[in-house]
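Structure at a glance
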Amino acid sequence: MLLYHYCGWDKFKSIVHSKSLWLTQIVRSNDTEEINRTLRVIWERIRPDIENGIRGCEKAENALRMLDKQMQLEEYVSLEGDETPYGVCLSVNKDLAQNWNEYGDMSRGVAIGFSEELLSGIQHDMPHPSADFNNSIGWNQVYYDSEELSRQFIPLFVDVLRNSPLGWLTVRTTLKHYSAFIKNPTFKDEREVRIVYYPSEDHDQSLNLDFSGLEMEPIPHCTLPWLRTNDVCALKEIIVGTNCSYTEEDIRNLLVENGINNNISIKKSEYSYRISMNR
């Protein structure tokens, strides 16, 4: 299975030139509810049921009051503080209108297909801020918020708050882990997969195939190579947008100019979209 990164032409050229993808702040993405969808919206939704489930257990009730303050703190440090997650968004959708319109410059760009070799050395799990580099980076599918998802948290949280002295920590950690992977359900057709990283000055990025630390220019970002030092190339396919002005030959030349001679498939999108002159 390939994972696709949709982008405009200029960004595509930059990706080919750098032979890497950028992980940028998730909270700056097109979904205004990133992070707070979990730490505020979901928390406020499930809190009354949790409160009902722990009623009469004093230690759990005290923990719940503490969690209200903790959720506010976690939201702040994730949005504005030192624990802001960085990520890159991919999709299992090979050639989908919504992805082209939202990320592929209205089909004037390309969709870049990467194999799972892109994920080599990265845990298939939801990461969290950690001094251990391997625990601070991971990949997983995105969960689209739903009543079913929210209700799965309730019995777990009620149980740990009632029965564990550190139950509040389990609640806090669970929601923190999920926060970078839960989105508004109106985005569900994108079928997104994310690589997420929590940068730290303590990390030794050399442990993970040239993955860079935090760079501040031109915008805060980290880089993840898709062409590794062992010459493993995760780029396998390029789908050219319907309205892209560049040809397969142009793309082949761009790849060769940047020393990429792998057998990469190049196809034209089947998305039958016409850009109106009135837009």
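Preceding this paragraph is the structure being described.
The model shown is predicted, which means the values in this text are computed figures rather than measured ones.

This brings us to the overall build of the protein. Counting secondary structure elements, the protein contains 8 helices and 11 strands. For the protein, the spread of C-alpha atoms along the principal axes amounts to about 70 × 45 × 30 Å. Relative to its 279 residues, the protein shows a buried fraction of 49%. Looking at the protein alone, contacts between residues at least 24 apart form 78% of all its contacts between residues at least 6 apart. As displayed, the protein offers around 13700 Å² of accessible surface, 48% of which is attributable to carbon and sulfur atoms.

Time to look at the pattern of salt bridges. Within this structure, the stated rule accounts for 20 salt bridges. One salt bridge in this structure joins Glu 190 and Lys 183, with 3.9 Å as the shortest N-O distance. Across this residue pair, the class does not change: Glu 190 and Lys 183 are buried. Three or more residues joined by partner-sharing salt bridges are found here, namely Glu 34, Lys 183, Glu 190, Glu 192 and Arg 194.

In a packed pair of helices, the relevant descriptors are the angle between the two axes and the axis-to-axis distance. Close contact between helix 3 (residues 58-79) and helix 6 (residues 147-163) brings their axes to 8 Å; oriented N to C, the two are set at 120 degrees. Comparing the axis directions of helix 3 and helix 6 gives the class oblique. Pair helix 3 / helix 6 crosses with right-handed handedness. Side by side, helix 3 and helix 6 meet where Lys 59, Ala 60, Ala 63 and Leu 67 of the first sit next to Leu 161, Arg 162 and Asn 163 of the second. Tallied by class, residues from the contact of helix 3 with helix 6 come to 4 nonpolar, 1 polar and 2 charged.

Of the pockets and cavities examined, the largest pocket occupies roughly 630 Å³. Lining the largest pocket are 29 residues, with His 5, Lys 11, Thr 24, Val 88 and Cys 89 sitting closest to its centre. Elements supplying a minimum of two residues to the lining of the largest pocket: strand 1 (3-7), helix 1 (9-18), strand 2 (20-25), strand 3 (86-91) and helix 4 (97-103). A breakdown of the residues in the lining of the largest pocket according to their chemical character gives 12 nonpolar, 12 polar and 5 charged. Considering the residues around the second largest pocket, the lining is formed by 14 residues, among which Asp 82, Tyr 86, Pro 199, Ser 200 and Leu 214 are closest to the centre.

Attention now moves to the nonpolar core. Formed by 40 residues in total, the largest nonpolar core has its most connected members in Phe 12, Leu 23, Phe 114, Leu 118, Ile 195, Trp 226 and Ile 238. Looking at which element gives the most residues to this core, the answer is helix 1, with 4 residues. Excluding residues that lie within four positions of it along the chain, Phe 114 makes contacts with Met 1, Leu 2, Leu 3, His 5, Leu 21, Leu 90, Trp 226, Ala 234 and Leu 235. Membership of the second largest hydrophobic core comes to 31 residues, among which are Trp 43, Ile 54, Val 158 and Ala 180.

The subject of this paragraph is helix 7 (residues 167-179). In a regular helix each residue adds 1.5 Å, so 13 residues correspond to 18 Å; helix 7 covers 18 Å between its end C-alpha atoms and thus fits that length. All of the buried residues along helix 7 are Gly 167, Val 171, Thr 174, Leu 175, Lys 176, His 177, Tyr 178 and Ser 179. Contact partners of the buried residues in helix 7: helix 2 (36-54), helix 3, strand 6 (143-144), helix 6 and strand 7 (182-183).

Let us look at the state of the cysteines. Using the criterion set out here, one finds 0 disulfides in the structure. Just so you know, Cys 7 is unpaired, no disulfide at all, and the nearest cysteine sulfur is the one on Cys 244, 9.8 Å from it. Residue Cys 7 is classed as buried on the basis of its relative accessible area, which comes to 1%. Cysteine Cys 233 shares no disulfide, and the gap to the nearest cysteine sulfur, in Cys 7, comes to 15 Å.

Thresholds, definitions, all that
- Residues numbered from 1 in each chain as written.
- Predicted model: local features only at pLDDT ≥ 70, side-chain atom pairs only at ≥ 80, totals over all residues.
- Heavy atoms only, no water.
- Helix = DSSP H or I, 4+ residues; strand = E, 2+ residues; numbered from the N terminus.
- Buried < 20%, exposed > 50% of the residue type's maximum accessible area, 1.4 Å probe, protein only.
- Contact = heavy atoms within 4.5 Å.
- Areas by Shrake-Rupley, 256 points an atom, 1.4 Å probe, with all protein chains shown as cover.
- Salt bridge = Lys/Arg side-chain N within 4 Å of Asp/Glu carboxyl O.
- Axes fitted to C-alpha atoms, helices over the stretch in contact; angles between N-to-C directions.
- Parallel < 35°, antiparallel > 145°, perpendicular 65-115°, else oblique.
- Left-handed = near helix turned anticlockwise from the far one by under 90°.
- Nonpolar A, V, L, I, M, F, W, Y, C, P; charged D, E, K, R; others polar.
- 1 Å grid on protein atoms, 1.4 Å probe; cavity = no way out; pocket = protein on both sides within 12 Å on 5 of 7 lines; lining within 4 Å.
- Points joined across faces, edges and corners; volume = space filled by probe spheres on them.
- Core = buried A, V, L, I, M, F, W, Y, C linked by side-chain atoms within 4.5 Å.
- Expected span 1.5 Å × (residues − 1).
- Disulfide = S-S within 2.5 Å.

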